[in-house]
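Descriptive structure summary
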Amino acid sequence: KTISPEMGTRLKSLQDPTKKMSKSHGALSYIAIADSPEKIRQKIKSAVTDSGSAIKYDHVTKPAISNLITIFSAFSGKEIKNIEKEFLNSSYKEFKEKLAEVVIEKLKPVQEKRKELLDDKQKLISILEEGAAKAQKKASETLKEVYDKVGLTI
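What counts and how
Counting starts from 1 at the beginning of each chain's written sequence and moves along it residue by residue. pLDDT decides what is reported in this predicted model: residues at 70 or higher carry local features, side-chain atom pairs at 80 or more are listed and counted, and totals for whole chains, interfaces and linings draw on all residues regardless. Heavy atoms throughout the structure, all of them, feed into the side-chain values; hydrogens and water do not. Nonpolar core, defined: a set of buried Ala, Val, Leu, Ile, Met, Phe, Trp, Tyr and Cys residues in which side-chain atoms within 4.5 Å join the residues together. Burial classes: relative accessible area under 20% of the type maximum marks a residue as buried, over 50% as exposed, and values in between as partly exposed (1.4 Å probe, protein chains only). Only DSSP runs of H or I covering at least 4 residues are called helices, and only runs of E covering at least 2 are called strands; the numbering of each starts at the N terminus. Throughout, a contact is declared for two residues whenever any of their heavy atoms are within 4.5 Å. Any pair of nitrogen or oxygen atoms within 3.5 Å is treated as a polar contact; in protein, a donor-acceptor pairing is required on top of that, and neighbouring residues in sequence qualify only through side-chain atoms on both sides. Pairing of aromatic rings covers Phe, Tyr and Trp, the last counted by its six-membered ring, and requires centre-to-centre distances within 6.5 Å; plane angles under 30 degrees mean stacked, over 60 mean edge-to-face, and any other angle means tilted. Criterion for a charge above a ring: Arg CZ or Lys NZ at most 6 Å from the ring centre, at most 35 degrees from the ring normal. Exposure above 30% relative accessible area and no salt bridge define the residues that can form patches, which grow by joining like charges within 9 Å and nonpolar side chains of Val, Leu, Ile, Met, Phe, Trp and Tyr within 5 Å. With residues, only the protein chains shown are counted as cover, and all accessible areas are computed by Shrake-Rupley using a 1.4 Å probe. We define a salt bridge as a contact between a side-chain nitrogen of Lys or Arg and a carboxyl oxygen of Asp or Glu at a distance within 4 Å.

Of all hydrophobic cores here, the largest spans 25 residues; its most connected members are Leu68, Ile71, Phe75, Phe95, Leu99 and Val103. Elements supplying a minimum of two residues to this core: α1 (37–45), α2 (63–76), α3 (80–86) and α4 (92–119). Among the elements that take part in this core, α4 stands out by supplying eight residues, more than any other. Contact partners of Leu99, with chain neighbours within four places excluded, come to Ile44, Leu68, Ile71 and Phe72.

Structure representation (structure tokens):
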């Protein structure tokens, strides 16, 4: 599921919801694909929240919890209104714990595939070589097309 335009096109920092999620904003501001479940829990647990305790989406007055709700929606596929209903009587702590589990579960197959590829260096090299060959072929075709359009020959 992709993030809908009304939610924005980028996930925001776990530490500053006014900035995009990025490694340049510090280790606790983003979730990496390779992060362990423990690390994901730690990062989400330390994510900033707004004053109050309502799990309610309002990116103007509650940008921090809205960011976490957006992340929950992106990883779970659930609509924001359904997330709000599900956590109507929950604390930020309970919401963050569930968010961490959703993220961990969604990243699990990607992490397993990553580990499998990193453990089999020959397979990884083969995949990279195949990709490089495809990219080279496509680049050559594109270059020929450009040359033809401007009247040059290779």
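Secondary-structure assignment places Lys106 in helix α4. What makes Lys106 partly exposed here is its relative accessible area of 47%. Distance in space between the C-alpha atoms of Lys106 and Ser36 is 13 Å, their sequence separation being 70 residues.

All right, on to the environment of Thr18 then. Mapped onto the elements, Thr18 comes out in the segment before α1. Separated by 116 residues in the primary sequence, Thr18 and Lys134 place their C-alpha atoms 39 Å from one another. At 2.5 Å, the side chain of Thr18 forms a polar contact with the side chain of Asp16.

Moving on, we get to the packing of aromatic side chains. Two aromatic rings, taken as a pair, are described by how far apart their centres are and by the angle between their planes. Enumeration over the complete set of coordinates arrives at three aromatic pairs. Plain terms: the ring middles of Phe87 and Phe95 are 5.0 Å apart, the flat faces sit at 85° to each other, and that makes the pair edge-to-face. By relative accessible area, which is 0% here, Phe95 ends up buried. Cluster of aromatic residues (ring-pair linked, three or more members): Phe72, Phe87 and Phe95. Over the ring of Tyr30 we find Lys43; its NZ or CZ atom is 4.1 Å from the centre of that ring.

What follows is about a nonpolar patch on the surface. On the surface, a nonpolar cluster with roughly 270 Å² of combined accessible area is contributed by Val146, Val150 and Leu152. Mapped onto the fold, Val146 is located in helix α5 (residues 121–150). You can call Val146 partly exposed: its relative accessible area is 43%.

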